[in-house]
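# Reading the structure
One letter stands for each residue in the lines below.
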Amino acid sequence: MSTNYQELADLDLLELISGRNRDALAELYDRYGRRVFALSARILNDPVSSEEVTQDVFLSVWRRGSSYSAAKGKFTTWLFSIAHNRTIDELRKRRRDRNRQNDDIDDHLSIESAEISPLENAVAQSEYAKVRDAMADLPAEQRQVVELSYFKGLTQAEIAEKTEQPLGTVKTRMRLALKKLRNALSSEISAAV
Amino acid sequence: MTDPNSLDFTVPDPWGDLPGYALNALSPEERSRVDDLLAVSPEARDELRLLLEAAENLSYLVTHAEPSERVRRLLLAQADTDIHLSDVAREDARSIRPRRSISVRSVLNPARIAYTGVAAALIAVLGVAVIFSAENSRLDSEVGQLRADMQTELAQVTELRSMVEDTNAQFISQDEEVARLTAVNAAVNEALKNMQWLTYVTQNREFRVPNYFVGNAQAPEANGTLAVKNFDDEAVFLVSGLPPAPDNYQYMLSLVRDGVPEAVATFQVNEAGMARVDFKLPDNIGQFERAVVSLEPLGSQFGSDVMALSGPEVMTASESPR
């Protein structure tokens, strides 16, 4: 009997991937590939490099999926942690190579929106709205350190220099922002899109 | 109560760096210290897990975007290659079997040496032959398998290379298209400037337009205008709709007097088929009976020398525009 991979949970797919099941990998990619690509593209603003990052992320899952443990947290947290790590590495490498800074904080991505199903779109819009509202509720200085670090790839020391604030202030703002985000969203965000 | 902002953060504080760790906002040194903390502290790991879940939510704040189908195809091709290589490695490991150990004590037993000497020699000869034969057969089989594996991998490499080449070709094709459009854009801009200039010329009392040019069968879309400055020898010829001259050829504008052409200018057209040619009028302009544009080999002279046109005429003067 053939397996309907679309009905399998993320962890079931991951177990199959550990056993070298490429169809499980394909399903996982179909499930999260767009979101990983969109995150990377938002940060790098470069579709070609973002595609390379996306491929690297899923190759990591393919080759090191067995290193994931549910005790460490949700699967998506692990996946997007890899994606963000890899993207920021690429961003910093570029900065070193080109010795230049990115544009202002409020720039926006010039990549066309994807064709997604109405259901996916509704879910994505819903999650987007929740996170956007939670971010909007943060004090401006806390929101700024989150944006500068997560989307601009600045280190906390660089943020302290850019905002002319003590390093301790930056660390405190990061902690408060993440805790508030988590409290605001923990009961609302579901694991899968 | 201590104000957290007043704390001395120059002292390494791996616990305080956990939010920065979750946001990838640490230097390599800070990150290394947090890794050390995580290795020994379950509380730190729990704290980090919560911070990472909060950070993951930020990934919802991006516009949805679609990677190209190529990403999925390359990913699965890489997975297929991994599967194939691990199969090959497993087969290799299976083919290397441990040898049975030999008992030294039994070999050195003097009582057995006399009885087994001759037999051992015979068996050794036969054994060597059998072993060589079996070994040859096994090696043949392994070589055949390796050859088949190499062919399979070669096919996969060829397929991957083909995909990469396709991608490169697309980029090159796009680059060429961009370069072509840039050239056309520049040519159109130039043409617009020329047309503005022509409007100025035709509306300026200092200039007059004695001739318009039309293309013949070889350049049916071509149009041209000849404007000259009153009481002066300055002239300009504006042309559009001419196809680019073939390699090693150029266009030549000539004035004809008593049936003999006198070349006054040579020119090439741009990407949009347009050209503006400034030249000096020859003396006694009133004696010329007609003007003509012809296609001539590169290097053809113009100026005071009188010459016969060798190439085909592509445009001739007309009293009115087409």
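All of the points below concern the structure found in this document. (Residues numbered from 1 in each chain as written. Chains lettered and ligands numbered in written order. Predicted model: local features only at pLDDT ≥ 70, side-chain atom pairs only at ≥ 80, totals over all residues. Heavy atoms only, no water.)

Looking only at helices and strands, chain A features eight helices and zero strands. Secondary structure of chain A in N-to-C order comes out as α-α-α-α-α-α-α-α. Of all 193 residues assigned to chain A, the portion counted as buried reaches 49%. Long-range pairs, those at least 24 residues apart, make up 65% of the contacts in chain A between residues at least 6 apart in sequence. For chain A, the accessible area works out to roughly 9600 Å², and carbon and sulfur atoms hold 45% of it. (Helix = DSSP H or I, 4+ residues; strand = E, 2+ residues; numbered from the N terminus. Buried < 20%, exposed > 50% of the residue type's maximum accessible area, 1.4 Å probe, protein only. Contact = heavy atoms within 4.5 Å. Areas by Shrake-Rupley, 256 points an atom, 1.4 Å probe, with all protein chains shown as cover.)

A count of helices and strands for chain B gives six helices and eight strands. Helices (α) and strands (β) of chain B occur, in sequence order from the N terminus, as α-α-α-α-α-α-β-β-β-β-β-β-β-β. Here chain B holds 322 residues, and 33% of them are scored as buried. Counting contacts in chain B only where the partners sit at least 6 residues apart, residues at least 24 apart contribute 60% of the total. Total accessible area computed for chain B in this model is approximately 20100 Å², and 56% of it derives from carbon and sulfur atoms.

Packed helix pairs are characterised by how far apart their axes lie and by the angle those axes make with each other. Residue and element names in this part refer to chain B. Contact geometry for helix α2 (residues 28-40) and helix α3 (residues 42-57): axes closest at 5 Å, N-to-C directions at 115°. Across the interface between the two elements, Leu 37, Leu 38, Ala 39 and Val 40 from α2 touch Pro 42, Ala 44, Arg 45 and Leu 48 from α3. Class assignment for the residues of the contact of α2 with α3 results in seven nonpolar, no polar and one charged. (Axes fitted to C-alpha atoms, helices over the stretch in contact; angles between N-to-C directions. Nonpolar A, V, L, I, M, F, W, Y, C, P; charged D, E, K, R; others polar.)

The relative placement of two aromatic rings is captured by the distance of their centres and the angle of their planes. Per the stated rule, a full pass over the model turns up 10 aromatic pairs over all chains. Ring geometry for Phe 237 of chain B and Phe 267 of chain B: centres 6.0 Å apart, planes at 65°, overall edge-to-face. Of this pair, Phe 237 of chain B sits in strand β3 (residues 234-240) while Phe 267 of chain B sits in strand β5 (residues 260-267), placing them 30 residues apart in sequence. Summarising the burial analysis for this pair, Phe 237 of chain B and Phe 267 of chain B share the class buried. Consider the rings of Tyr 251 of chain B and Phe 267 of chain B, whose centres lie 5.6 Å apart with planes at 25°: the pair is stacked. On the criterion of sequence distance, the pair formed by Tyr 251 of chain B in strand β4 (residues 249-257) and Phe 267 of chain B in strand β5 is long-range, its members being 16 residues apart. For the residue pair Tyr 251 of chain B and Phe 267 of chain B, the accessibility class agrees, reading buried in each case. Among the aromatic residues, those joined into a ring-pair cluster are Tyr 32, Tyr 68, Phe 75, Trp 78 and Phe 80 of chain A. (Phe/Tyr/Trp six-rings, centres within 6.5 Å; stacked < 30°, edge-to-face > 60°.)

In a regular helix each residue adds 1.5 Å, so 18 residues correspond to 26 Å; helix α3 (residues 47-64) of chain A covers 25 Å between its end C-alpha atoms and thus fits that length. The N-cap of α3 of chain A, judged by a side-chain oxygen 3.1 Å from the amide nitrogen of Val 48 of chain A a few residues on, is Asp 46 of chain A. (Expected span 1.5 Å × (residues − 1). Polar contact = N/O pair within 3.5 Å; in protein donor to acceptor, adjacent residues only side chain to side chain.)

With that out of the way, let us pick up the nonpolar core. Within the largest apolar cluster, 75 residues are counted, with the highest numbers of intra-cluster contacts made by Val 57, Phe 75, Leu 79, Met 135 and Phe 151 of chain A together with Leu 23 and Leu 58 of chain B. Per element, the largest residue contribution to this core is 13 residues, and it comes from helix α2 (residues 22-44) of chain A. If we skip the residues at most four places from it in the chain, Met 135 of chain A touches Arg 143, Val 146, Glu 147 and Leu 181 of chain A together with Leu 58 and Leu 61 of chain B. Ala 219, Leu 226, Leu 242 and Val 314 of chain B belong to the second largest nonpolar core, which has 27 residues in total. (Core = buried A, V, L, I, M, F, W, Y, C linked by side-chain atoms within 4.5 Å.)

The next point concerns the pairing of strand β2 (residues 223-229) of chain B. All names here are of chain B. When you tally the buried positions in β2, you get five out of seven residues, the bulk of the element. The pairing of β2 with β3 spans six bridges and is antiparallel. Directly across from Ala 227, in β3, lies its bridge partner Val 236. (Pairing = 2+ DSSP bridges.)

On to the side chain of Arg 175 of chain A, then. As for its position among the elements, Arg 175 of chain A is in helix α8 (residues 167-185). A polar contact of 2.8 Å, which involves the side chain of Arg 175 of chain A, links it to the side chain of Glu 47 of chain B. When near neighbours in sequence (up to four residues on either side) are disregarded, Arg 175 of chain A contacts Trp 15, Gly 16, Pro 19 and Glu 47 of chain B.

Turning next to the side chain of Arg 173 of chain A. Residues and elements named next belong to chain A. Counting through the fold element by element, Arg 173 comes out in helix α8. Buried Arg 173, no salt bridge; nearest opposite-charge side chain is Glu 141, N-O distance 5.1 Å. Ignoring anything within four residues of it in the chain, the contact list for Arg 173 reads Glu 141, Gln 142, Val 145 and Gln 165. (Lys, Arg positive; Asp, Glu negative; His and termini not counted. Salt bridge = Lys/Arg side-chain N within 4 Å of Asp/Glu carboxyl O.)

What follows concerns the packing of helix α4 (residues 75-98) of chain A against α3 of chain B. Where α4 of chain A meets α3 of chain B, the axes come as close as 9 Å, and the angle between the chain directions of the two elements is 70°. One way to sum up the angle between α4 of chain A and α3 of chain B is to call them roughly perpendicular. From α4 of chain A, Thr 76, Thr 77, Phe 80 and Ser 81 of chain A reach across to α3 of chain B, where they touch Leu 52, Glu 53 and Glu 56 of chain B. A class-by-class count of the residues in the contact of α4 of chain A with α3 of chain B yields two nonpolar, three polar and two charged. (Parallel < 35°, antiparallel > 145°, perpendicular 65-115°, else oblique.)

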